[in-house]
Amino acid sequence: MKDFHIEQQTRDNVQLVKLTGSLDMYSFPRLEGQLSAMFQQGHHRVVLDCRDLDYIGSAGLGALIGFAKEAREKGGDVKLLNVPERIYKIIELLGFTKVLQVHDSEDRALKSFTT
Amino acid sequence: MNTPKHVRVNKTTGKIKIETPGDGSYLAYIRTMVTDLARQIGFPEAEVAKIEMAVDEACSNVLEHAYAPHKEWHWQHREPEIRLEVHTEDGRLVIEINDHGQGFDFAKYQPADIENRLQQMAQGGYGIFIMRKFMDEVQYSSNDQTGNTLRLVKYLKKS
(Lines give C-alpha, C1' and ligand atoms only; values in the text may rest on other atoms or scores of the structure.)
Protein backbone atom coordinates (compact mmCIF):
# COMPACT_ATOMS: atom_id res chain seq x y z
CA MET A 1 0.00 0.00 0.00
CA LYS A 2 1.70 3.18 -1.22
CA ASP A 3 1.12 6.60 0.33
CA PHE A 4 -0.84 8.86 -1.97
CA HIS A 5 1.17 11.49 -3.73
CA ILE A 6 0.97 13.74 -6.77
CA GLU A 7 3.66 14.91 -9.20
CA GLN A 8 2.86 17.58 -11.74
CA GLN A 9 4.68 18.70 -14.86
CA THR A 10 3.80 20.59 -18.00
CA ARG A 11 4.13 18.95 -21.45
CA ASP A 12 2.99 20.60 -24.68
CA ASN A 13 0.80 23.04 -22.77
CA VAL A 14 -0.91 20.13 -20.97
CA GLN A 15 -0.68 19.52 -17.22
CA LEU A 16 0.56 15.95 -16.76
CA VAL A 17 -0.25 14.80 -13.24
CA LYS A 18 1.18 11.52 -11.99
CA LEU A 19 -0.84 9.86 -9.23
CA THR A 20 0.61 7.26 -6.85
CA GLY A 21 -1.28 5.29 -4.18
CA SER A 22 -4.98 5.20 -3.43
CA LEU A 23 -7.51 7.84 -4.39
CA ASP A 24 -10.30 7.56 -1.84
CA MET A 25 -12.41 10.06 0.11
CA TYR A 26 -9.47 10.67 2.43
CA SER A 27 -6.82 11.38 -0.20
CA PHE A 28 -8.99 12.95 -2.88
CA PRO A 29 -9.11 16.48 -1.37
CA ARG A 30 -5.38 16.80 -2.12
CA LEU A 31 -5.93 16.16 -5.83
CA GLU A 32 -9.04 18.32 -5.74
CA GLY A 33 -6.98 21.20 -4.33
CA GLN A 34 -4.32 20.76 -7.00
CA LEU A 35 -6.85 20.60 -9.87
CA SER A 36 -8.70 23.65 -8.50
CA ALA A 37 -5.44 25.58 -8.37
CA MET A 38 -4.61 24.61 -11.97
CA PHE A 39 -8.04 25.72 -13.16
CA GLN A 40 -7.71 29.02 -11.32
CA GLN A 41 -4.44 29.58 -13.22
CA GLY A 42 -6.26 28.89 -16.49
CA HIS A 43 -4.84 25.40 -17.06
CA HIS A 44 -7.80 23.31 -18.22
CA ARG A 45 -5.92 20.67 -20.19
CA VAL A 46 -5.08 17.90 -17.76
CA VAL A 47 -3.88 14.31 -18.12
CA LEU A 48 -3.85 12.14 -15.00
CA ASP A 49 -1.25 9.38 -15.26
CA CYS A 50 -2.70 6.50 -13.22
CA ARG A 51 0.05 3.91 -13.80
CA ASP A 52 0.88 3.73 -10.07
CA LEU A 53 -2.65 4.18 -8.80
CA ASP A 54 -3.78 1.30 -6.55
CA TYR A 55 -7.40 2.26 -6.09
CA ILE A 56 -9.98 4.85 -6.99
CA GLY A 57 -13.35 5.22 -5.24
CA SER A 58 -16.57 6.75 -6.49
CA ALA A 59 -16.00 10.02 -4.61
CA GLY A 60 -12.82 10.49 -6.63
CA LEU A 61 -14.40 9.37 -9.90
CA GLY A 62 -17.43 11.59 -9.38
CA ALA A 63 -15.27 14.60 -8.62
CA LEU A 64 -13.07 13.91 -11.67
CA ILE A 65 -16.21 13.95 -13.82
CA GLY A 66 -17.05 17.33 -12.31
CA PHE A 67 -13.58 18.65 -13.13
CA ALA A 68 -13.77 17.21 -16.68
CA LYS A 69 -17.12 18.92 -17.20
CA GLU A 70 -15.76 22.25 -16.01
CA ALA A 71 -12.62 21.87 -18.12
CA ARG A 72 -14.65 21.08 -21.26
CA GLU A 73 -16.66 24.24 -20.76
CA LYS A 74 -13.33 26.10 -20.96
CA GLY A 75 -12.09 24.21 -24.02
CA GLY A 76 -10.00 21.69 -22.11
CA ASP A 77 -10.57 18.30 -20.51
CA VAL A 78 -9.40 15.98 -17.74
CA LYS A 79 -8.26 12.67 -19.25
CA LEU A 80 -6.92 9.46 -17.76
CA LEU A 81 -3.70 7.76 -18.86
CA ASN A 82 -2.26 4.29 -18.16
CA VAL A 83 -5.16 3.12 -16.02
CA PRO A 84 -4.22 -0.27 -14.48
CA GLU A 85 -6.36 -3.11 -15.86
CA ARG A 86 -7.85 -3.88 -12.42
CA ILE A 87 -9.12 -0.29 -12.09
CA TYR A 88 -10.10 0.01 -15.76
CA LYS A 89 -12.40 -3.01 -15.54
CA ILE A 90 -14.18 -1.50 -12.55
CA ILE A 91 -14.69 1.95 -14.04
CA GLU A 92 -15.76 0.42 -17.36
CA LEU A 93 -18.35 -1.77 -15.60
CA LEU A 94 -19.73 1.31 -13.86
CA GLY A 95 -19.90 3.33 -17.08
CA PHE A 96 -17.35 6.00 -16.15
CA THR A 97 -15.31 5.27 -19.32
CA LYS A 98 -18.25 6.58 -21.36
CA VAL A 99 -17.73 10.05 -19.98
CA LEU A 100 -14.01 10.16 -19.15
CA GLN A 101 -11.46 9.76 -21.93
CA VAL A 102 -8.91 7.04 -21.20
CA HIS A 103 -5.59 6.70 -23.07
CA ASP A 104 -2.81 4.13 -22.95
CA SER A 105 -0.15 6.28 -24.60
CA GLU A 106 1.17 9.56 -23.25
CA ASP A 107 1.81 10.86 -26.76
CA ARG A 108 -1.73 10.13 -27.87
CA ALA A 109 -3.17 11.62 -24.69
CA LEU A 110 -1.21 14.85 -25.20
CA LYS A 111 -1.97 15.03 -28.93
CA SER A 112 -5.67 14.39 -28.33
CA PHE A 113 -5.96 17.98 -27.11
CA THR A 114 -4.88 19.38 -30.45
CA THR A 115 -6.94 17.17 -32.74
CA MET B 1 0.65 -5.40 7.55
CA ASN B 2 1.14 -3.55 10.83
CA THR B 3 -1.97 -2.58 12.74
CA PRO B 4 -2.29 1.23 12.85
CA LYS B 5 -2.61 3.03 16.18
CA HIS B 6 -6.11 3.13 17.70
CA VAL B 7 -7.23 0.09 15.66
CA ARG B 8 -8.39 -3.12 17.32
CA VAL B 9 -8.16 -6.30 15.27
CA ASN B 10 -9.14 -9.84 16.12
CA LYS B 11 -8.22 -12.39 13.46
CA THR B 12 -9.11 -16.05 13.48
CA THR B 13 -9.28 -18.48 10.57
CA GLY B 14 -11.65 -17.07 7.98
CA LYS B 15 -12.84 -14.28 10.26
CA ILE B 16 -11.71 -10.76 11.11
CA LYS B 17 -13.10 -8.18 13.50
CA ILE B 18 -11.80 -4.65 13.04
CA GLU B 19 -12.62 -1.53 15.02
CA THR B 20 -11.23 1.77 13.79
CA PRO B 21 -11.86 5.39 14.67
CA GLY B 22 -14.38 7.03 12.34
CA ASP B 23 -11.76 8.74 10.23
CA GLY B 24 -10.96 8.48 6.51
CA SER B 25 -7.30 7.78 7.19
CA TYR B 26 -8.26 4.19 8.14
CA LEU B 27 -10.09 3.39 4.89
CA ALA B 28 -6.98 2.05 3.14
CA TYR B 29 -6.27 -0.27 6.08
CA ILE B 30 -9.87 -1.57 6.03
CA ARG B 31 -9.70 -2.20 2.27
CA THR B 32 -6.42 -4.09 2.63
CA MET B 33 -7.71 -6.34 5.42
CA VAL B 34 -10.93 -7.20 3.59
CA THR B 35 -9.28 -7.82 0.20
CA ASP B 36 -6.57 -10.00 1.79
CA LEU B 37 -9.27 -12.24 3.29
CA ALA B 38 -11.25 -12.30 0.02
CA ARG B 39 -8.13 -13.49 -1.84
CA GLN B 40 -7.35 -16.09 0.82
CA ILE B 41 -10.73 -17.73 0.41
CA GLY B 42 -10.42 -17.90 -3.35
CA PHE B 43 -12.12 -14.91 -4.95
CA PRO B 44 -10.58 -14.06 -8.33
CA GLU B 45 -8.93 -10.63 -8.56
CA ALA B 46 -11.78 -9.14 -10.61
CA GLU B 47 -14.21 -9.98 -7.80
CA VAL B 48 -11.77 -8.83 -5.10
CA ALA B 49 -11.70 -5.43 -6.81
CA LYS B 50 -15.50 -5.23 -6.65
CA ILE B 51 -15.56 -6.23 -2.97
CA GLU B 52 -12.89 -3.61 -2.26
CA MET B 53 -14.92 -0.86 -3.86
CA ALA B 54 -18.19 -1.90 -2.19
CA VAL B 55 -16.58 -1.93 1.28
CA ASP B 56 -14.91 1.41 0.65
CA GLU B 57 -18.21 2.94 -0.48
CA ALA B 58 -19.97 1.56 2.59
CA CYS B 59 -17.36 2.89 5.03
CA SER B 60 -17.11 6.21 3.20
CA ASN B 61 -20.89 6.59 3.50
CA VAL B 62 -20.64 6.00 7.26
CA LEU B 63 -18.05 8.76 7.57
CA GLU B 64 -19.75 11.18 5.22
CA HIS B 65 -23.39 10.64 6.21
CA ALA B 66 -23.83 8.67 9.46
CA TYR B 67 -21.21 10.76 11.27
CA ALA B 68 -21.91 14.00 9.41
CA PRO B 69 -21.13 16.81 11.90
CA HIS B 70 -24.35 18.69 11.14
CA LYS B 71 -26.59 15.70 11.92
CA GLU B 72 -27.91 14.59 15.26
CA TRP B 73 -27.42 11.00 16.24
CA HIS B 74 -28.29 8.95 19.29
CA TRP B 75 -24.74 8.38 20.46
CA GLN B 76 -23.35 11.87 19.96
CA HIS B 77 -21.36 11.55 23.19
CA ARG B 78 -19.32 8.67 21.76
CA GLU B 79 -16.39 9.08 19.42
CA PRO B 80 -17.20 8.06 15.81
CA GLU B 81 -16.10 4.51 15.16
CA ILE B 82 -16.41 1.90 12.41
CA ARG B 83 -16.72 -1.75 13.39
CA LEU B 84 -16.36 -4.46 10.76
CA GLU B 85 -16.88 -8.15 11.07
CA VAL B 86 -15.85 -10.16 8.04
CA HIS B 87 -16.32 -13.90 7.83
CA THR B 88 -17.05 -16.75 5.48
CA GLU B 89 -20.06 -19.02 5.66
CA ASP B 90 -21.33 -21.61 3.16
CA GLY B 91 -19.24 -20.31 0.28
CA ARG B 92 -20.10 -16.68 0.94
CA LEU B 93 -18.08 -13.73 2.16
CA VAL B 94 -20.13 -11.78 4.70
CA ILE B 95 -19.10 -8.25 5.65
CA GLU B 96 -20.99 -6.45 8.41
CA ILE B 97 -20.22 -2.78 8.93
CA ASN B 98 -21.57 -1.25 12.10
CA ASP B 99 -21.65 2.37 13.27
CA HIS B 100 -23.45 4.42 15.89
CA GLY B 101 -24.16 7.47 13.77
CA GLN B 102 -27.28 8.80 12.11
CA GLY B 103 -29.55 6.05 10.75
CA PHE B 104 -30.78 5.94 7.18
CA ASP B 105 -33.94 4.63 5.50
CA PHE B 106 -32.08 2.32 3.17
CA ALA B 107 -35.12 0.35 1.96
CA LYS B 108 -36.86 3.47 0.69
CA TYR B 109 -33.75 4.94 -0.89
CA GLN B 110 -33.93 4.81 -4.68
CA PRO B 111 -30.64 5.72 -6.29
CA ALA B 112 -31.00 8.07 -9.23
CA ASP B 113 -30.70 6.58 -12.69
CA ILE B 114 -26.96 6.07 -13.08
CA GLU B 115 -26.86 6.29 -16.88
CA ASN B 116 -28.62 9.61 -16.57
CA ARG B 117 -26.30 10.85 -13.81
CA LEU B 118 -23.26 9.91 -15.87
CA GLN B 119 -24.61 11.61 -18.97
CA GLN B 120 -25.20 14.74 -16.90
CA MET B 121 -21.68 14.30 -15.47
CA ALA B 122 -23.10 14.44 -11.96
CA GLN B 123 -20.43 14.37 -9.26
CA GLY B 124 -22.04 12.18 -6.62
CA GLY B 125 -24.72 9.67 -5.75
CA TYR B 126 -22.93 6.55 -7.00
CA GLY B 127 -22.13 4.79 -3.70
CA ILE B 128 -25.25 2.71 -3.08
CA PHE B 129 -25.58 1.87 -6.77
CA ILE B 130 -22.02 0.48 -6.63
CA MET B 131 -22.70 -1.61 -3.52
CA ARG B 132 -25.84 -3.09 -5.08
CA LYS B 133 -24.11 -3.73 -8.41
CA PHE B 134 -20.97 -5.35 -7.01
CA MET B 135 -22.36 -7.41 -4.10
CA ASP B 136 -24.90 -10.25 -4.18
CA GLU B 137 -26.77 -9.06 -1.08
CA VAL B 138 -26.97 -5.63 0.55
CA GLN B 139 -29.03 -5.27 3.72
CA TYR B 140 -29.23 -2.44 6.21
CA SER B 141 -30.68 -2.36 9.70
CA SER B 142 -30.79 0.32 12.36
CA ASN B 143 -31.90 0.37 15.97
CA ASP B 144 -31.28 2.33 19.16
CA GLN B 145 -29.46 -0.49 20.93
CA THR B 146 -27.00 -1.81 18.37
CA GLY B 147 -26.64 1.12 15.99
CA ASN B 148 -26.62 0.82 12.20
CA THR B 149 -25.43 -2.29 10.41
CA LEU B 150 -24.85 -2.72 6.71
CA ARG B 151 -24.45 -6.34 5.64
CA LEU B 152 -22.73 -7.02 2.33
CA VAL B 153 -22.58 -10.57 0.98
CA LYS B 154 -20.63 -11.94 -1.97
CA TYR B 155 -21.02 -15.52 -3.19
CA LEU B 156 -17.92 -17.48 -4.01
CA LYS B 157 -19.09 -19.02 -7.26
CA LYS B 158 -17.45 -22.28 -8.27
CA SER B 159 -16.30 -22.37 -11.88
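Since this is a predicted model, take the numbers as computed values, not measurements.

## Re the overall build of chain A
Line of reasoning, step 1. Regarding its fold elements, chain A presents 4 helices and 5 strands.
Line of reasoning, step 2. Start at the N end of chain A and walk to the C end: the helices and strands fall as β-β-α-β-α-β-α-β-α.
Line of reasoning, step 3. Its C-alpha radius of gyration of 13 Å places chain A within 12% of the 13 Å reference for a compact globule of 115 residues.
Line of reasoning, step 4. Dimensions along the principal axes, computed over C-alpha positions, put chain A at roughly 35 × 25 × 20 Å.
Line of reasoning, step 5. Counting over 115 residues, chain A shows a buried share of 43%.
Line of reasoning, step 6. Counting only contacts in chain A whose residues sit at least 6 apart along the sequence, the fraction spanning at least 24 positions is 70%.

## Description of the pairing of strand 1 (residues 5-11) of chain A
All names here are of chain A.
Line of reasoning, step 1. For strand 1, the buried fraction is low: 0 of the 7 residues fall into the buried class.
Line of reasoning, step 2. For strand 1 and strand 2 (residues 14-23), the ladder comprises 7 bridges, and the chain directions are antiparallel. In the strand pairing of strand 2, Thr10 is matched with Gln15.
Line of reasoning, step 3. Connecting strand 1 to the antiparallel partner strand 2 that follows it, the hairpin turn spans 2 residues, and Asp12 within it adopts a positive phi of roughly 50°.

## Overview of the packing of helix 3 (residues 85-94) of chain A against helix 2 (residues 45-66) of chain B
Line of reasoning, step 1. Direction vectors running N to C along helix 3 of chain A and helix 2 of chain B enclose 65°, while the axes themselves pass 10 Å from each other. Crossing handedness for the pair helix 3 of chain A and helix 2 of chain B: right-handed. Contacts from A:Arg86, A:Lys89 and A:Ile90 in helix 3 of chain A reach B:Glu45, B:Ala46, B:Ala49, B:Lys50 and B:Met53 in helix 2 of chain B.
Line of reasoning, step 2. Residue composition of the contact of helix 3 of chain A with helix 2 of chain B, grouped by class: 4 nonpolar, no polar and 4 charged.

## Considering the interface of chain A and chain B
Interfaces are often sized by the amount of accessible area the parts lose when they come together.
Line of reasoning, step 1. Taken together, the contacts link 22 residues of chain A with 26 residues of chain B.
Line of reasoning, step 2. Where the side of chain A that touches chain B is concerned, the elements lending two or more residues are helix 2 (58-73) and helix 3 of chain A.
Line of reasoning, step 3. Among the elements that line the side of chain A that touches chain B, the one with the most residues is helix 2 of chain A, at 8 residues.
Line of reasoning, step 4. Tallied by class, residues from the side of chain A that touches chain B come to 11 nonpolar, 6 polar and 5 charged.

## Thoughts on the environment of B:Gly127
Line of reasoning, step 1. By the secondary structure assignment, B:Gly127 is in helix 4 (residues 127-134).
Line of reasoning, step 2. Residues B:Gly127 and B:Ser60, spaced 67 residues apart in sequence, show a C-alpha to C-alpha distance of 8.7 Å.
Line of reasoning, step 3. The residues touching B:Gly127, leaving out its near neighbours within four places in the chain, are A:Ser58, B:Glu57, B:Ser60 and B:Asn61.

## Examining the sheet that holds strand 4 (residues 77-81) of chain A
Residues and elements named next belong to chain A.
Line of reasoning, step 1. Reading across the sheet, the 5 strands line up as 1-2-3-4-5 and stay open at both edges, with mixed pairing between neighbours. Only two strands of the sheet have a single partner each, and these edge strands are strand 1 and strand 5 (102-103).
Line of reasoning, step 2. Pairing of strand 4 with strand 5, which is carried by 2 bridges, proceeds in the parallel orientation. Its bridge partner being in strand 5, Leu80 is matched across the sheet by Val102.

## What to know about the nonpolar core
Line of reasoning, step 1. Ranked by internal contacts, the top residues of the largest apolar core, which has 68 residues, are A:Leu48, B:Ile30, B:Val34, B:Ala54, B:Val55, B:Ala58 and B:Cys59.
Line of reasoning, step 2. Ranked by residue count, the leading element in this core is helix 2 of chain B, at 10 residues.
Line of reasoning, step 3. The contacts of A:Leu48, once residues within four sequence positions are left out, are A:Val17, A:Leu19, A:Val78, A:Leu80 and A:Leu81.

## Focus: the sheet that holds strand 6 (residues 147-155) of chain B
Residue and element names in this part refer to chain B.
Line of reasoning, step 1. Taken in spatial order, the 6 strands line up as 1-2-3-4-6-5 in an open sheet, and their pairing is antiparallel. Each end of this open sheet is capped by a strand with a single partner; those strands are strand 1 (8-12) and strand 5 (137-143). Neighbour to neighbour, the strand axes of the sheet diverge by 10° on average, direction disregarded.
Line of reasoning, step 2. With 5 bridges connecting them, strand 1 and strand 2 (residues 15-21) associate as antiparallel partners. The residue of strand 2 that forms the bridge with Asn10 is Lys17.
Line of reasoning, step 3. Each of strand 2, strand 3 (81-89) and strand 4 (92-99) is contacted by helix 1 (residues 27-40), which is oriented at about 175° to strand 2, the strand it contacts most.

## With respect to unusual backbone geometry
All names here are of chain A.
Line of reasoning, step 1. Unusually for a residue other than glycine, Asp12 sits at a positive phi of about 50°.
Line of reasoning, step 2. Structurally, Asp12 can be placed in the loop between strand 1 and strand 2.
Line of reasoning, step 3. On the basis of neighbour counts, which here come to 12 C-beta atoms within 10 Å, the residue Asp12 falls in the exposed class.
Line of reasoning, step 4. The backbone of Asn82 shows a phi angle near 50°, a positive value even though the residue is not glycine.
Line of reasoning, step 5. By secondary structure assignment, the location of Asn82 is in the loop between strand 4 and helix 3.
Line of reasoning, step 6. For Asn82, a count of 20 C-beta atoms within 10 Å puts it in the buried group.

About the thresholds
Residue positions are given per chain, counting from 1 as you read along its sequence in written order. Following the order in which they are written, the chains are lettered starting with A and the ligands numbered starting with 1. Where local features are concerned, this predicted model is filtered to residues with pLDDT of at least 70; where side-chain atom pairs are given and counted, the filter is 80 or more; whole-chain, interface and lining totals use all residues. Each helix corresponds to a stretch of at least 4 residues labelled H or I by DSSP, and each strand to a stretch of at least 2 residues labelled E; elements are numbered beginning at the N terminus. For the radius of gyration, the atoms used are the C-alpha atoms, and the globule rule reads 2.2 Å times the number of residues raised to 0.38. The burial criterion counts other C-beta atoms lying within 10 Å of a residue's C-beta, which is placed from the backbone; the residue is buried at 20 or more, exposed at 12 or fewer, and partly exposed between these limits. Residue pairs are scored as contacts if the distance between their C-beta atoms, which are placed from the backbone, is within 7 Å. Note on pairing: DSSP must find at least two bridges between two strands before they are called paired. The axes are straight lines fitted to the C-alpha atoms, using for helices just the contacting stretch, and the angles between their N-to-C directions are given from 0 to 180°. Take the far helix as the reference: if the near one is turned anticlockwise from it by less than a right angle, the crossing is left-handed, and if turned clockwise, right-handed. Lys, Arg, Asp and Glu make up the charged group, whereas Ala, Val, Leu, Ile, Met, Phe, Trp, Tyr, Cys and Pro make up the nonpolar group; the residues left over, Gly among them, are polar. Defined on buried residues, the nonpolar core groups Ala, Val, Leu, Ile, Met, Phe, Trp, Tyr and Cys residues joined through C-beta atoms within 7 Å.

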